[in-house]
Amino acid sequence: MISTNKFGYEVIKECKQTGARIGILHTPHGDIETPVFMPVGTRATVKAMSADELEELGAQIILSNTYHLYLRPGEKLIKEAGGLHSFMNWHKPILTDSGGFQVFSLASLRKIKEEGVYFSSHLDGSRHFISPEKSIEIQTALGSDIMMAFDVCSEYGISYGDAASAMERTLRWLERCCNAWSNPEQALFGIVQGNMYKDLRIESAKGTAAIKELPGIAIGGLSVGEPKEIMYDMLDAIRPYLPQDKPRYLMGVGSPDCIVEGVMRGVDMMDCVLPTRIARNGTVFTSHGRLVIKNSKYARDFSPLDSECDCLVCKKYSRAYIRHLMSTGEILGARLTSYHNLYFLVHLMEKIKEAIRQDSLGDFRQEFFAKYGYEL
């Protein structure tokens, strides 16, 4: 296990109304103002977006996927290219997940043992093995600023006993990840698990927080099919046990309502494929709720996607034009909707931060939910 002075986190403002916070996370590739939404670049690219466009729309940090990059093109090739930053021409911070969730998602194609996970590639059926040590080895080669510990993500609805076993193994694997962590240029975050059982979540949070060398803590295994109210309950349960002086990363959450609710519960970082995935299918976020641009009623609508949005897409293109692109399968359509959705979430975080500065995030939630169409 190592400690690193390349990373630091400081809280610079807490909302008196909600306890939500603004902070600065220092990394070797620049500072990040939190709370922050992180676009997901699964295979070393945020789908349909260039690095320049991501910077232009305000992204501060992106996420890449250890499992997919290990399979293609391989971590050795990326290391040879000078690391992930050089390989994809993104020179701001990068976070890599451990591959745990993807392996968990393989279901029948994987077998979890104490030593690690044996699995078959979803690409060609070839056999592979990833252990906590191997995950850290891959992430070290990728050269991300923030690495995730290899964890066991248990499915929603699992029994208490199985959830406890998965949580306890995650803590044991965290120790092994810490022992394999060797590069002071990279931070390592532990991951809180425990499924939907509050006592297990609290035990996991305590065990993870007890490792003082960890620069941050992630919250995994949520947003996996459970009702949102249960996710919020889990966040409320563990909040008192998470260190105040470390960033908290809620994994895989990216709908506007969950972003607001997460920040209100002390979360500093979030990521999700949602904005780009739904964009490619023709669904966009607007100030008044989601809009399905393929709908025929937009065929002669020459207004922007969102009249209150100042992104380049809304400044230059109409609903009618973007509907035409999506209806004819033109690549530009998916690029424009993806840009807009990412901009919407990145700048939603900016509005949230302004509300925190004004000690009025609770009021902002009421106004935003009413306007967007969420139930209060």
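In the block above lies the structure referred to throughout.
Reference entry: report on the structure contained in this document. All figures in this text were calculated on a predicted structure; none of them were measured in a lab.

**Side note on the packing of aromatic side chains**
So, step 1. Overall, the coordinates contain 12 aromatic pairs when judged by the stated rule.
So, step 2. With centroids separated by 5.6 Å and ring planes inclined at 20°, the aromatic side chains of Y317 and Y321 adopt a geometry described as stacked.
So, step 3. Using a relative accessible area of 29% as the deciding quantity, one classes Y317 as partly exposed.
So, step 4. Taking the relative accessible area as the measure of exposure, Y321 reaches 34% and is therefore partly exposed.

**Some words on unusual backbone geometry**
So, step 1. In this structure, P35 follows T34 across a cis peptide bond, with omega equal to 5°.
So, step 2. Looking at where P35 falls in the secondary structure, it is placed in the loop between β3 (30-34) and β4 (36-41).
So, step 3. Note that the residue after R72, namely P73, is joined by a cis bond; omega there is 5°.
So, step 4. Its place among the elements puts P73 in the loop between α2 (66-71) and α3 (75-80).
So, step 5. Positive phi outside glycine occurs at A48, with the angle close to 75°.
So, step 6. By secondary structure assignment, the location of A48 is in the loop between β4 and α1 (51-57).
So, step 7. When its relative accessible area of 31% is taken as the criterion, A48 is described as partly exposed.
So, step 8. For D359, which is not glycine, the phi dihedral falls at a positive 55°.
So, step 9. Topologically, D359 is positioned in the loop between α14 (331-357) and α15 (361-372).

**Concerning the sheet that holds strand β9 (residues 127-130)**
So, step 1. Taken together, 3 strands build an open sheet; the order of strands is β7-β8-β9 and the sheet is antiparallel. Here the strands that pair on one side only, and so sit at the sheet edges, are β7 (110-113) and β9. Each strand of the sheet is rotated relative to its neighbour by a mean of 15°, with strand direction disregarded.
So, step 2. Bridge analysis of β7 against strand β8 (residues 116-120) gives 4 bridges, and the strand direction is antiparallel. What sits directly across from R110, in β8, is F119.
So, step 3. Most of the contacts of helix α7 (residues 160-180) go to β7, to which it runs at about 75°, and overall it touches β7 and β8.

**Overview of the side chain of T286**
So, step 1. As for its placement among the helices and strands, T286 is situated in strand β15 (residues 283-286).
So, step 2. A relative accessible area of 6% places T286 in the buried class.
So, step 3. Separated by 2.6 Å, the side chain of T286 and the backbone oxygen of G289 make a polar contact.
So, step 4. Once residues within four sequence positions are removed from consideration, T286 is found in contact with L291, L305, D306, F344 and Y372.

**Let's talk about the nonpolar core**
So, step 1. Within the largest apolar cluster, 97 residues are counted, with the highest numbers of intra-cluster contacts made by L54, L57, L188, I352 and L361.
So, step 2. With 12 residues, the single largest contributor to this core is α14.
So, step 3. Ignoring any residue separated from it by four or fewer positions in sequence, one finds L361 in contact with C15, Q17, T18, A20, V263, M264, I352, A355 and I356.
So, step 4. With 19 residues, the next largest nonpolar core counts L25, I32, L63 and I146 among its residues.

**Re the layout of surface pockets**
So, step 1. Space inside the largest pocket adds up to approximately 800 Å³.
So, step 2. What lines the largest pocket is a set of 33 residues, and nearest its centre among them are F101, Q102, G252, D271 and V273.
So, step 3. Of all elements in the fold, only β4, β5 (62-65), α5 (100-105), β14 (269-272) and α11 (274-280) reach the threshold of two or more residues within the lining of the largest pocket.
So, step 4. Element by element, the count of residues in the lining of the largest pocket is highest for α11, at 4 residues.
So, step 5. Computed from the structure, the second largest pocket encloses a volume of approximately 260 Å³.
So, step 6. Together, 14 residues line the second largest pocket, and S287, E308, F344, K351 and F368 are the ones closest to its centre.
So, step 7. Taken together, the residues of the lining of the second largest pocket sort by class into 6 nonpolar, 2 polar and 6 charged.

Thresholds applied
Numbering of residues starts from 1 in each chain and follows the order in which that chain's sequence is written. It should be noted that, the model being predicted, local features are given only for residues of pLDDT at least 70 and side-chain atom pairs only at 80 or more, the latter also being counted only at that level, while totals for whole chains, interfaces and linings use all residues. Just so you know, side-chain values use all the structure's heavy atoms and leave hydrogens and water out. Only centres within 6.5 Å qualify two rings of Phe, Tyr or Trp (six-membered ring in Trp) as a pair; their planes then separate them into stacked at under 30 degrees, edge-to-face at over 60, and tilted for everything else. Burial classes: relative accessible area under 20% of the type maximum marks a residue as buried, over 50% as exposed, and values in between as partly exposed (1.4 Å probe, protein chains only). A run of H or I in DSSP becomes a helix once it reaches four residues, and a run of E becomes a strand once it reaches two; helices and strands are each numbered from the N terminus. At least two bridges found by DSSP between two strands are what make those strands a pair. The axes are straight lines fitted to the C-alpha atoms, using for helices just the contacting stretch, and the angles between their N-to-C directions are given from 0 to 180°. Throughout, a residue-residue contact means that at least one pair of heavy atoms, one from each residue, lies within 4.5 Å. What qualifies as a polar contact is a pair of N or O atoms within 3.5 Å, subject to a donor-acceptor requirement within protein and to the restriction that residues adjacent in sequence count only when both atoms come from side chains. In plain words, nonpolar cores are sets of buried Ala, Val, Leu, Ile, Met, Phe, Trp, Tyr and Cys residues tied together by side-chain atoms within 4.5 Å. Only protein atoms enter the 1 Å grid, on which a cavity is a set of points fitting a 1.4 Å probe that cannot get out and a pocket is an open set with protein on both sides within 12 Å along at least 5 of 7 lines, lining residues being those with an atom within 4 Å of a point. Grid points are joined across faces, edges and corners, and a volume is the space filled by probe spheres set on the points. By the convention adopted, Pro, Cys, Tyr, Trp, Phe, Met, Ile, Leu, Val and Ala count as nonpolar, Lys, Arg, Asp and Glu as charged, and the other residues, Gly among them, as polar.

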